[in-house]
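These are the residues of each chain, in order.
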Amino acid sequence: MHKSLSEFISPIKENKSNIMDSIDPTLIENWRKEQNENREKLKHYDTEPWQKHHRMATELRESDISNNNELRYVAGLDISFVKDKDTACVGIFVFDLADNFKCVYKDLKIVTMNQPYVPGFLAYREAPFLLERLDRLKRLKPKYYPHCIFIDGNGLLHGNKFGLACHVGYYSDTPTIGVSKQLFQVFGLEKNQKHKDRIKNELKKAGDFFELRSKIEGDDTLLGYCYRSTDLATNPIYVSIGNKISWDTCLWILRIVIKNCRIPEPIRQADLGTRKFLANLNKNKNNETDDL
DNA sequence: GCGACAG
DNA sequence: ATCTTGTCGC
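Residues numbered from 1 in each chain as written. Chains lettered and ligands numbered in written order. Predicted model: local features only at pLDDT ≥ 70, side-chain atom pairs only at ≥ 80, totals over all residues. Heavy atoms only, no water.

- Chain A appears in an unreviewed UniProt entry as Endonuclease V from Brachionus plicatilis.
- What the UniProt record of chain A gives under Subcellular location (unreviewed entry) is the line "Cytoplasm". (UniProt positions renumbered as here; feature names shortened; annotations may be inferred.)

### Let's talk about the protein's contact with DNA strand C
Next up, step 1: Taken together, the neighbourhood of DNA strand C is formed by S80, F81, K83, K181 and R275.
Next up, step 2: K83 places a polar main-chain atom, nitrogen or oxygen, 3.2 Å from a sugar or linking oxygen of DNA strand C.
Next up, step 3: Residue R275 places a side-chain N or O atom 3.3 Å away from a phosphate oxygen belonging to DNA strand C.
Next up, step 4: For the surface near DNA strand C, the per-class residue count stands at 1 nonpolar, 1 polar and 3 charged. (Near = heavy atom within 4 Å. Polar contact = N/O pair within 3.5 Å; in protein donor to acceptor, adjacent residues only side chain to side chain. Nonpolar A, V, L, I, M, F, W, Y, C, P; charged D, E, K, R; others polar.)

### Details of the protein's contact with DNA strand B
Next up, step 1: Looking at DNA strand B, there are 19 residues lining it, with Y117, G120, N154, K181 and Q185 nearest.
Next up, step 2: Protein-proximal atoms of DNA strand B, defined as those within 4 Å of the protein, fall in sugar or phosphate at a share of 55%.
Next up, step 3: Contact distances for DNA strand B include 3.0 Å between a base nitrogen and a backbone N or O atom of N154.
Next up, step 4: One nitrogen or oxygen atom from the main chain of K181 is found 2.9 Å from a phosphate oxygen belonging to DNA strand B.

### Examining the sheet that holds strand β5 (residues 176–180)
Next up, step 1: If you trace the 8 strands from one edge of the open sheet to the other, you get β3-β2-β1-β4-β5-β8-β7-β6, paired in mixed fashion. Both outer strands of the open sheet, β3 (102–112) and β6 (212–218), are each paired with one neighbouring strand and no more. Across the sheet, the mean angle from the axis of one strand to that of its neighbour is 25°, orientation sign disregarded.
Next up, step 2: Bridge count for strand β1 (residues 73–81) against strand β2 (residues 87–96) is 9 bridges, and the pairing is antiparallel. Note on β2: the bridge partner recorded for I79 is V90.
Next up, step 3: Helix α7 (residues 247–257) rests against β1, β4 (148–152), β5, β6, β7 (221–228) and β8 (237–243) of the sheet, and its axis sits at about 15° to β7. (Pairing = 2+ DSSP bridges. Helix = DSSP H or I, 4+ residues; strand = E, 2+ residues; numbered from the N terminus. Axes fitted to C-alpha atoms, helices over the stretch in contact; angles between N-to-C directions. Contact = heavy atoms within 4.5 Å.)

Rendered as structure tokens:
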């Protein structure tokens, strides 16, 4: 008749601390060391011909395979999960800017995570699966290998200045841009709160002005932008460069790939696509069990 | 020491 | 990340 209070409280906190306790601290130290070493080798400037003049492909020309003089193929990479399990769907979607943003390549796969999510080390959980998809794309359809990749997570906007987007950009040697929906805890608590307050005020001040950029910097270096991409959008996104791209070019592409939604289209499609893939799997599974 | 912490 | 209904507005 009378349920006890404990039935309404899920032991999430307890699980969280257990997970953290089960992680080998020396492993984390090695990860941190690797991030600090690799970040020195990142190229936070334009390296590709198409970046120099901000040239975008506008017409279909099948002749110029491996044309690197124009931005044409842009990719979105993302991973969706099953409940609280380690089963996930990793997907890559490539879009053709010269053909009205048509999806010219997609590849989805069910994978099993073998590392936990540790704040600051998201790459060690997700990046291997993302890089695997990129390798496969390069092998099967090199023509569609993207000029630039959008990653669900931060790039430079990271405690060690080496977020997931940097990680993927570094190991794939491809231009990457990181986009997150929540401001990551890059600085100390109070400094982070100041950033949040300042951003809140600037958004308020800007009113309905649709494109608002607010710099997020630490130690005199630009780490990322808080960016309100759509008019009337309440929540901004947080953008940062990963590898082989400049801030200028990053913002240029960002405006191109944002359509009507807050989330840049490549990432949004990758998110929707991987979720749909999992949903269909569940549907098929249920149909089979229902028929039995 | 505690708090906070992209996906 | 994931679980979720309706609801308000263009």
